[in-house]
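# Overview (structure and organization)
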Amino acid sequence: MDDSLTRNKALLRILDDMVAASERAEAWVSSDSDLDAESSRLMADMNKGDRESIQLIVDWLKGLTMDLPITVSSPNGGRTWTLSIDDVGISKLESKDRDILAAMAYMLFDGPEPGPDNDMANRLLGQGLPDRLKRDIAGS
């Protein structure tokens, strides 16, 4: 990633923190959670899926050659983050990049739900879910 891509670098720091939080959650589930074995396994699988989704976004972000049309801010000193996307800027992105950005905004920053045509959102939202739950969600 080019050093001049300041918005992307700010987002990358936030995403790296999310990956680290997921790693801490994995350690807690496996050692300190007092969950039964099946619940522990399910929580670990779901947490791993979340982390893999975030990592996919991190890898995508690191490969970009232009700054995303975004602003990240925190109203509470970094406990939660808000992602604002510039409507004019997003229209200049390739379709795949728009889909990943929309999926990320929804999944990680409480943004609007992406439409059903967003294949990247469909893929990322299903990672880590047990197969039966995936089928139930798809059928609803």
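Now for a look at the structure at hand.

What counts and how
Residues numbered from 1 in each chain as written. Predicted model: local features only at pLDDT ≥ 70, side-chain atom pairs only at ≥ 80, totals over all residues. Heavy atoms only, no water. Helix = DSSP H or I, 4+ residues; strand = E, 2+ residues; numbered from the N terminus. Buried < 20%, exposed > 50% of the residue type's maximum accessible area, 1.4 Å probe, protein only. Contact = heavy atoms within 4.5 Å. Salt bridge = Lys/Arg side-chain N within 4 Å of Asp/Glu carboxyl O. Axes fitted to C-alpha atoms, helices over the stretch in contact; angles between N-to-C directions. Parallel < 35°, antiparallel > 145°, perpendicular 65-115°, else oblique. Left-handed = near helix turned anticlockwise from the far one by under 90°. Pairing = 2+ DSSP bridges. Expected span 1.5 Å × (residues − 1). Polar contact = N/O pair within 3.5 Å; in protein donor to acceptor, adjacent residues only side chain to side chain. Core = buried A, V, L, I, M, F, W, Y, C linked by side-chain atoms within 4.5 Å.

### Topic: the overall build of the protein chain
The helix and strand tally for the protein chain stands at six helices and two strands. Sequence-ordered secondary structure for the protein chain, helices as α and strands as β, is α-α-β-β-α-α-α-α. Residue burial in the protein chain is summarised as follows: out of 140 residues, 32% are buried. The contacts in the protein chain between residues at least 6 apart in sequence include a share of 55% that link residues at least 24 apart.

### A look at the pattern of salt bridges
A full pass over the atoms with the stated rule returns four salt bridges. Among the salt bridges present, the one from Glu26 reaches Arg51, with a minimum N-O distance of 2.8 Å. With a gap of 25 residues between them, Glu26 in helix 1 (residues 6-31) and Arg51 in helix 2 (residues 37-63) connect regions that are remote in the sequence. One salt-bridge network, in which partners are shared between bridges, spans Glu38, Arg41 and Asp45.

### Digging into the packing of helix 1 against helix 2
Relative orientation of the contacting elements helix 1 and helix 2 amounts to 160 degrees, with a least axis distance of 9 Å. Between helix 1 and helix 2, the crossing angle belongs to the class labelled roughly antiparallel. The handedness of the crossing between helix 1 and helix 2 is left-handed. Contacts from Asn8, Leu11, Leu12, Leu15, Asp16, Met18, Val19, Ser22, Glu23, Ala25, Glu26 and Val29 in helix 1 reach Ser40, Met43, Ala44, Asn47, Arg51, Ile54, Gln55, Ile57, Val58, Leu61 and Lys62 in helix 2.

### Some thoughts on the pairing of strand 1 (residues 70-73)
Every other side chain in a regular strand lies on the same face of the sheet, so the side chains alternate between the two faces. On strand 1, burial follows the alternation: Ile70 and Val72 on one face are buried, whereas Thr71 and Ser73 on the facing-out side are not. Two strands pair when backbone bridges link them, and strand 1 and strand 2 (residues 82-85) are joined in this way by four bridges, in the antiparallel orientation. Within the sheet, the bridge partner assigned to Ser73 lies in strand 2 and is Thr82.

### What about helix 4 (residues 95-109)?
Over its 15 residues, helix 4 runs 20 Å from end to end, which matches the ideal 21 Å to within 8%, given 1.5 Å per residue. Inspection of helix 4 places Asp97, Ile100, Leu101, Ala103, Met104, Ala105 and Phe109 among the buried residues, and these make up the whole buried set. Its buried side turned inward, helix 4 meets helix 1, helix 2, strand 1, strand 2, helix 3 (87-90) and helix 5 (119-126).

### Quick word on the environment of Lys92
Examined against the element boundaries, Lys92 turns out to sit in the loop between helix 3 and helix 4. Residue Lys92 is classed as exposed on the basis of its relative accessible area of 66%. Separated by 24 residues in sequence, Lys92 and Leu68 have C-alpha atoms that sit 10.0 Å apart.

### Quick notes on the environment of Ser40
Here Ser40 lies in helix 2. Looking at Ser40, its side chain comes within polar contact range of the main-chain oxygen of Val29, at 3.4 Å.

### Brief notes about the nonpolar core
Counting residues in hydrophobic clusters, the biggest one holds 27 residues, and the most contacted among them are Leu11, Leu68 and Leu101. For this core, the secondary structure elements donating two or more residues are helix 1, helix 2, strand 1, helix 4 and helix 5. Those residues within four positions of Leu68 in sequence are excluded, and the remaining contacts are Arg7, Asn8, Leu11, Trp60, Leu61, Leu93 and Leu101.

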